[in-house]
Amino acid sequence: MNSALYALPAENISFYLRLSGWNLVSQNNRCYVFEGFEDVDGNPFEIVLPVNKDAPDYPVYVEHTVRILSALSDKSPNSVANEMIHFDRDMLTIEVESRSVDNAAMQMLPIKRLIGHSANMERSLKPYFNQYYLEARKMLKHFEIHQTCNDNVSYHVESQVGEIEPYQTLLFDDKEDPGQRLPLQRRVMERIATGLIDLQNATADRNPQALISGYADGFNANMCNAILEISKHSSRPVQYSVNWSRKVPVSPAVTDFKSILIERPHIEFLKRACHKLKEQKPNYQRIEGRVIGLSSSVDPQSDDVDNNERSIVVLRTDRNGPGRKLWINLGKEDYVAAHKAHIDWKTISVGGLAIKRRSGWQLAEPHDFKILR
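## Description of the sheet that holds strand β3 (residues 44–50)
- Ordered in space as β1-β2-β3, the three strands form an open sheet in which the pairing is antiparallel. A single partner strand is all that each edge strand has here, and the edge strands are β1 (23–27) and β3. In this sheet, neighbouring strand axes are inclined to one another by 25 degrees on average, regardless of whether the strands run parallel or antiparallel.
- Bridge count for β1 against strand β2 (residues 31–38) is four bridges, and the pairing is antiparallel. Among the inter-strand pairings, serine 26 is bridged to a residue of β2, identified as valine 33.

Here it is, written out as structure tokens:
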């Protein structure tokens, strides 16, 4: 069993147990007592855990906890132990066969690009990037990578997820949550998983369109190229798998994703999607409509926040497009103006790039916000 488990604070294991459906029924200065599930007679199982991880018998109780969870979940003790250790971390595992030291070292750069350009999409929904934005630099410092060598080389890309911050105001009526309430670290990892799902679909359909049309939620051209580079430096197909932290709920679109083996057929559609996305020209347009919803997870008038923390929903009313709802992220001044337009029920005008996402339509790169009438 992983020895790191015995160094885990009792608070971490307690948190894991609560997330796994166990109820804390008693707590004092010496121990936690949990109850959960039931035996054949309908009696709940009990887990006792010392509060102090330095207690002499702490490893005994931890191992007993793992054995109970293993028996109830039909997972191996090692699997349960690893889940407990990583309960607050998302982990992307990339398994490659790379006999040469040079090739193994070369894998690091495309993995960096995969993370960095996934984070770039939180700044701007572009099909291709020439630089790393602030969000990308933050995530490249946050994510950790570990390498293990058995029959294959495995790269474990880990991310400790943050907390979900509830919106102060939520007026997205009849609209799916766009995902902004999830921590940035989780959104970056979910975008990678979404891209891998799109790649599976593109290969099954023998058409790269799933990758191309889904770039706003999945792979941009840079991420496609990163996956291609990883395969290039491996002598065999590359296996990707994701384990999600239990600390944060997983978005429905990626809940069932477990793993994908990238083989030669996938490479063809990645190359075609990468080429098309690099050539794709943004279709900027100007929309008019009324503000029908506002949302902010921070002080709306604060200067020290990202624009994507403040959003509005506009019902398009101009004749140049259908009367659909668009979600738009705004800076402080434009958000305050949008709030006034909503109160006065006036029409607004804003330029941007209308993109269809899984959560609905978004107007990306908004600019030149105006109140008309």
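## Observations regarding the sheet that holds strand β6 (residues 153–160)
- Here five strands make up an open sheet; going across it, the order is β5-β6-β4-β8-β9 and the pairing antiparallel. Both outer strands of the open sheet, β5 (144–149) and β9 (259–262), are each paired with one neighbouring strand and no more. For this sheet, the mean angle separating the axes of adjacent strands, direction not counted, is 15 degrees.
- Where strand β8 (residues 238–243) lies against β9, four bridges are found, and the strand directions are antiparallel. Across the sheet, the residue bridging to valine 238 is isoleucine 262, located in β9.
- The strands touched by helix α9 (residues 221–232) are β4 (89–96), β8 and β9; relative to β8, the strand with the most contacts, the crossing angle is about 125 degrees.

## Concerning the layout of surface pockets
- Estimated volume of the second largest pocket: approximately 740 Å³.
- Around the second largest pocket, the lining comprises 26 residues; the ones closest to its centre are Asn82, Glu83, His86, Asn243 and Trp244.
- Of all elements in the fold, only α1 (10–19), α3 (77–85), β4, β5, β6 and β8 reach the threshold of two or more residues within the lining of the second largest pocket.
- Its residues assigned to classes, the lining of the second largest pocket shows eight nonpolar, ten polar and eight charged.

## Remarks on the state of the cysteines
- The full count for this structure, using the stated rule, is zero disulfides.
- Between cysteine 224, a cysteine without a disulfide, and cysteine 274, which holds the nearest cysteine sulfur, the sulfur-to-sulfur distance is 5.7 Å.
- The exposure class assigned to cysteine 274 is buried, which follows from its relative accessible area of 6%.

## Observations regarding the packing of helix α5 (residues 108–120) against α9
- Relative orientation of the contacting elements α5 and α9 amounts to 160 degrees, with a least axis distance of 8 Å. For the element pair α5 / α9, the angle class is roughly antiparallel. In this structure, α5 crosses over α9, and the sense of that crossing is left-handed. Contact with α5, carried on its side by Pro110, Ile111, Arg113, Leu114, His117 and Ser118, involves Asn222, Met223, Ala226, Ile227, Glu229 and Ile230 of α9 and no other residues of that element.

## So, the environment of valine 254
- As for its position among the elements, valine 254 is in the loop between β8 and β9.
- Valine 254 sits in the buried class, given a relative accessible area of 1%.
- A sequence separation of 58 residues divides valine 254 from leucine 196, and the C-alpha atoms of the two residues are 9.8 Å apart.
- In this view, valine 254 contacts Glu190, Ala193, Thr194, Ile197 and Trp244; residues no more than four positions away in its chain are not counted.

Reading guide: rules and limits
Residues numbered from 1 in each chain as written. Predicted model: local features only at pLDDT ≥ 70, side-chain atom pairs only at ≥ 80, totals over all residues. Heavy atoms only, no water. Pairing = 2+ DSSP bridges. Helix = DSSP H or I, 4+ residues; strand = E, 2+ residues; numbered from the N terminus. Axes fitted to C-alpha atoms, helices over the stretch in contact; angles between N-to-C directions. Contact = heavy atoms within 4.5 Å. 1 Å grid on protein atoms, 1.4 Å probe; cavity = no way out; pocket = protein on both sides within 12 Å on 5 of 7 lines; lining within 4 Å. Points joined across faces, edges and corners; volume = space filled by probe spheres on them. Nonpolar A, V, L, I, M, F, W, Y, C, P; charged D, E, K, R; others polar. Disulfide = S-S within 2.5 Å. Buried < 20%, exposed > 50% of the residue type's maximum accessible area, 1.4 Å probe, protein only. Parallel < 35°, antiparallel > 145°, perpendicular 65-115°, else oblique. Left-handed = near helix turned anticlockwise from the far one by under 90°.

Without other data, these values stay purely geometric and don't point to any function.
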